[in-house]
Amino acid sequence: MRRSILIVTVALASCSAEPTDEERAAAVAEVEANQTPAPEQLELDAIRYREIEQHDLYGPGCSFAPEGGGLSAVALAMAETGYFLRGGELVTLAADKGSVELPYLARREYDGTSYSMTIDLDEAEGEQAGEEVSDFPATLTIRDANDQVVYRKSGIAQCGA
């Protein structure tokens, strides 16, 4: 009996010992590896006719222009794909076919490997802006791969053919 008490005492003492430098370094490395970085503040470039022509971005859907941004669209939502321009690079997202269909075959949600995009528009408040074109109050939200919001602005979604 005395021998088993000694073994239990030695085992408990070894469990309560301070961690070694290697154990501390491993614990710190594990915490750092599992930390989510702070979200970037995404700045979108205007999608101009040059990009539309270069990437053949024609067809029905919705374009989003933020408040105070004039008529410059920063995102496009089409039947199969969504787009935005970041640092001069066109980012392409796939339409989430299970999401709500917006006017002119656009979708509410678009997904990619690094970003996802959601367009929330108020169809009840839409106004006809031209033949086969309507403007809707809208909010564009873009999230990064960690599902953190990196862009959210209100503005106008202009939808048409």
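Report follows, based on the coordinates. (Residues numbered from 1 in each chain as written. Predicted model: local features only at pLDDT ≥ 70, side-chain atom pairs only at ≥ 80, totals over all residues. Heavy atoms only, no water.)

A few words now on the overall build of the protein. Regarding its fold elements, the protein presents three helices and nine strands. Ordered by position in the sequence, the α and β elements of the protein form the string α-α-α-β-β-β-β-β-β-β-β-β. By the compact-globule yardstick of 15 Å for 161 residues, the protein is too spread out, its C-alpha radius of gyration being 26 Å. Along the three orthogonal principal directions, the C-alpha set of the protein runs to about 95 × 30 × 25 Å. A buried classification covers 32% of the 161 residues belonging to the protein. (Helix = DSSP H or I, 4+ residues; strand = E, 2+ residues; numbered from the N terminus. Rg over C-alpha atoms; globule rule 2.2 N^0.38 Å. Buried < 20%, exposed > 50% of the residue type's maximum accessible area, 1.4 Å probe, protein only.)

Turning next to a negative patch on the surface. Residues Asp122, Glu123, Glu125 and Glu127 make up a contiguous surface patch of negative charge. Structurally, the position occupied by Glu127 is in strand S7 (residues 127–130). (Patch = residues over 30% accessible without salt bridge, like charges linked within 9 Å, V, L, I, M, F, W, Y side chains within 5 Å. Areas by Shrake-Rupley, 256 points an atom, 1.4 Å probe, with all protein chains shown as cover. Salt bridge = Lys/Arg side-chain N within 4 Å of Asp/Glu carboxyl O. Lys, Arg positive; Asp, Glu negative; His and termini not counted. Charge placed at Lys NZ, Arg CZ, Asp CG, Glu CD.)

What follows deals with the nonpolar core. Within the largest apolar cluster, 26 residues are counted, with the highest numbers of intra-cluster contacts made by Phe84, Met117, Leu121, Leu140 and Ile142. Breaking this core down by element, the ones donating at least two residues are strand S1 (61–66), strand S2 (75–78), strand S4 (89–95), strand S6 (115–121), strand S8 (133–144) and strand S9 (149–160). Once you skip the residues sitting within four places of it in the chain, Ile142 turns out to touch Leu42, Leu44, Phe84, Tyr115, Ser116, Met117, Gln148, Val149, Val150 and Tyr151. Among the nonpolar cores identified, the runner-up in size contains eight residues, and Ile52, Leu76, Met78 and Tyr83 belong to it. (Core = buried A, V, L, I, M, F, W, Y, C linked by side-chain atoms within 4.5 Å. Contact = heavy atoms within 4.5 Å.)

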